[in-house]
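# Analysis of the macromolecular model
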Amino acid sequence: MKKKLLAALMTAALAASMTACGAPQAVNEDNNSKDTEQAEEQKGQDSGEEAKESTGGKTTITVICHQSRSNIGEGGFTTGFFGALDTWQEEHPDVEVKVEEMDQTAYQTKINSLGASGDLPDLFMMKGSWTKTFVDNGWVADITAELDADQDWKNAYIKGGFDAAVRDGKTYGVPQESMSTGMVYYNSDMWKEIGYETFPETWDELLDAVDKFKEKGITPFVMGNKPNWPAESCWLSTLGDRFTGPDWTQSILDGSGAKFTDEAFVKALTAFQDLAQRGAFNEDINSIDDTEQNTVYFNKKQRPS
C-alpha cells in the first residue's frame, strides 16, 4: 500500500468530522487556534516503499490525537473523528489503524518529544502555530499533490482553511476544525443588576462592570485554565488581535519579523494582566478545566468568557 494511503485515511476521517461539526460558521482570524491534521512519512518511504507492515500481513498506520472515545457524543469534532475513523476501518479490513489517545496538555508535550526523537506516528494533529517548526525540522510531509488530485474536495473547505498549514507554497496539513474563540457568554439578568442592559462595548465599560461585580462579591469571569490553553487561546488571542491585528500574527507564524516583545503585543499582555489584578477572574483559574467552568456558569455564580 503506497504512501498515498496516509492521505486517503486523513481525507476520509477529516471530511466526515467537518460534516459532523455542522460546517462551522465562524472562523477565528488568529491562526494559532487552527489545528491541522498532519501526515508524517516514515524514514525510507521517499523511494515509494509501502507503509509499515505488521506480522499479520496487514498494513499498520499509527495515529496519535488529543481526543478520547470517552467523549464521543459531547463534542462535534470528537464524535465525527472517531465515527469517520471507524467507518474507514470497516471499509479497509486489510489496514490496522492504531490510535493513541490523550488529553491536550499531555499531547502537546509528547508530540514535540516524538518529533525531536524522530519517532512521530504516521498521522497526528498539530497547531497551526507549530507548522514552521515542524516543517523546518522535516517532521511533516508535503501533501500538496494529494490535495491537488481532488480539487472538489479541497475546495469544499472554507476560504483560508489551509493557510495555517502552508509554507512556501506547499501544504502540510488538512484543517481539523474551525473555531471562534472570541465568543462571550453572559447571564443578562445578572448584568442588568449592575446597570448593563447589554454587554459592555468599550474597555472602560468592561472594567467598570468588573468593579461593580466585585462590590457584590461576585467574580465577573470564570475560566478553567487547568489544561493551560483557554487563557491563551480564548482571552489573550482575542485581546492580542485587537492590539496587533492579524498581519502581526501571520508574521509570527511566518517568522518574518514580528516579535512577542513588540509594543503592541506587550500592551495586550498588560491589559490581560490588569484584568487579573483587578480580580476579574476566579482564584482557582488554574485548578479547574474548561468543562468545570461551565458548571460554575450554569450555577449562576460567575460568568465565563
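Structure report, in brief. (Residues numbered from 1 in each chain as written. Predicted model: local features only at pLDDT ≥ 70, side-chain atom pairs only at ≥ 80, totals over all residues. Heavy atoms only, no water.)

In this section: the packing of aromatic side chains. All chains considered together, the criterion is met by 22 aromatic pairs. Geometrically, the ring pair formed by Phe124 and Phe134 is tilted, given 6.0 Å between the ring centres and 40 degrees between the ring planes. Taken as a pair, Phe124 in strand E4 (residues 123-127) and Phe134 in helix H4 (residues 131-136) lie far apart in primary sequence, ten residues in all. When its relative accessible area of 0% is taken as the criterion, Phe134 is described as buried. (Phe/Tyr/Trp six-rings, centres within 6.5 Å; stacked < 30°, edge-to-face > 60°. Helix = DSSP H or I, 4+ residues; strand = E, 2+ residues; numbered from the N terminus. Buried < 20%, exposed > 50% of the residue type's maximum accessible area, 1.4 Å probe, protein only.)

Counting 26 residues, the largest nonpolar core has Ile64, Phe81, Tyr107, Ile111, Phe124 and Phe134 as the members making the most contacts within it. Within the residue set of this core, elements represented by two or more residues are strand E2 (59-65), helix H2 (76-91), strand E3 (95-101), helix H3 (104-117), E4 and H4. At five residues, H2 tops the list of elements feeding residues into this core. Membership of the second largest hydrophobic core comes to 25 residues, among which are Phe199, Leu207, Ile218 and Ile285. (Core = buried A, V, L, I, M, F, W, Y, C linked by side-chain atoms within 4.5 Å.)

Compared with the 18 Å implied by 1.5 Å per residue over 13 residues, the 19 Å span of helix H8 (residues 203-215) between its first and last C-alpha is a close match. Taken together, the buried positions of H8 are occupied by Leu206, Leu207, Ala209, Val210 and Phe213. Within H8, the buried residues cover an arc of 155 degrees as seen down the axis, which keeps them to one side. Set apart from the buried face of H8 by more than 90 degrees, the exposed residues are Asp204 and Glu215. (Expected span 1.5 Å × (residues − 1). Arc of directions from axis to C-beta.)

Helix length check: helix H9 (residues 230-244), at 15 residues, gives a terminal C-alpha distance of 20 Å against a target of 21 Å (1.5 Å per residue), a fit within 8%. Of all the bends in H9, the greatest measures close to 40 degrees and is centred on Leu236. For H9, the complete set of buried residues consists of Pro230, Ala231, Ser233, Trp235, Leu236, Ser237, Thr238, Leu239, Gly240 and Thr244. For H9, the secondary structure elements touched by its buried residues are H8, strand E8 (221-222), helix H10 (246-254) and helix H11 (263-277). Gly245, located one to two residues past H9, shows a positive phi value of around 85 degrees. (Bend = angle between axes of the 7 residues up to and from the residue. Contact = heavy atoms within 4.5 Å.)

Now for the pairing of E3. Look at any regular strand and the pattern is simple: side chains alternate between the two faces of the sheet. In terms of strand pairing, E2 meets E3 through seven bridges, oriented parallel. Its bridge partner lying in E3, Ile61 is registered against Val97. Chirality of the crossover, the property in question, places the unit of E2, H2 and E3 among those that are right-handed. (Pairing = 2+ DSSP bridges. Right-handed = clockwise from strand over helix to strand, strands pointing away.)

What follows concerns the packing of H9 against H11. Here H9 crosses H11 at 130 degrees, and the two axes come no closer than 8 Å. Classified by the angle their axes make, H9 and H11 are oblique. The hand of the H9/H11 crossing is right-handed. Across the interface between the two elements, Ala231, Trp235, Leu236, Leu239, Gly240, Phe243 and Thr244 from H9 touch Ala264, Phe265, Lys267, Ala268, Leu269, Ala271, Phe272 and Leu275 from H11. A breakdown of the residues in the contact of H9 with H11 according to their chemical character gives twelve nonpolar, two polar and one charged. (Axes fitted to C-alpha atoms, helices over the stretch in contact; angles between N-to-C directions. Parallel < 35°, antiparallel > 145°, perpendicular 65-115°, else oblique. Left-handed = near helix turned anticlockwise from the far one by under 90°. Nonpolar A, V, L, I, M, F, W, Y, C, P; charged D, E, K, R; others polar.)

As a further point, take the environment of Pro230. Examined against the element boundaries, Pro230 turns out to sit in helix H9. For Pro230, a relative accessible area of 4% corresponds to the buried category. Sequence separation between Pro230 and Asp289 is 59 residues, and the spatial gap between their C-alpha atoms is 8.7 Å. Excluding residues within four positions of it along the chain, Pro230 makes contact with Met223, Gly224, Asn225, Trp235 and Asp290.

Residues other than glycine seldom take positive phi values, yet Asp168 does so here, at roughly 50 degrees. Assignment of secondary structure puts Asp168 in the loop between strand E5 (166-167) and strand E6 (170-171). Phi at Asn228 takes a positive value of approximately 70 degrees, unusual for a residue other than glycine. Examined against the element boundaries, Asn228 turns out to sit in the loop between E8 and H9.

Inspection of the secondary structure assignment puts Thr131 in helix H4. Look at Thr131 and you get buried, because its relative accessible area is 2%. There is a polar contact of 2.7 Å between the side chain of Thr131 and the backbone oxygen of Ala164. (Polar contact = N/O pair within 3.5 Å; in protein donor to acceptor, adjacent residues only side chain to side chain.)

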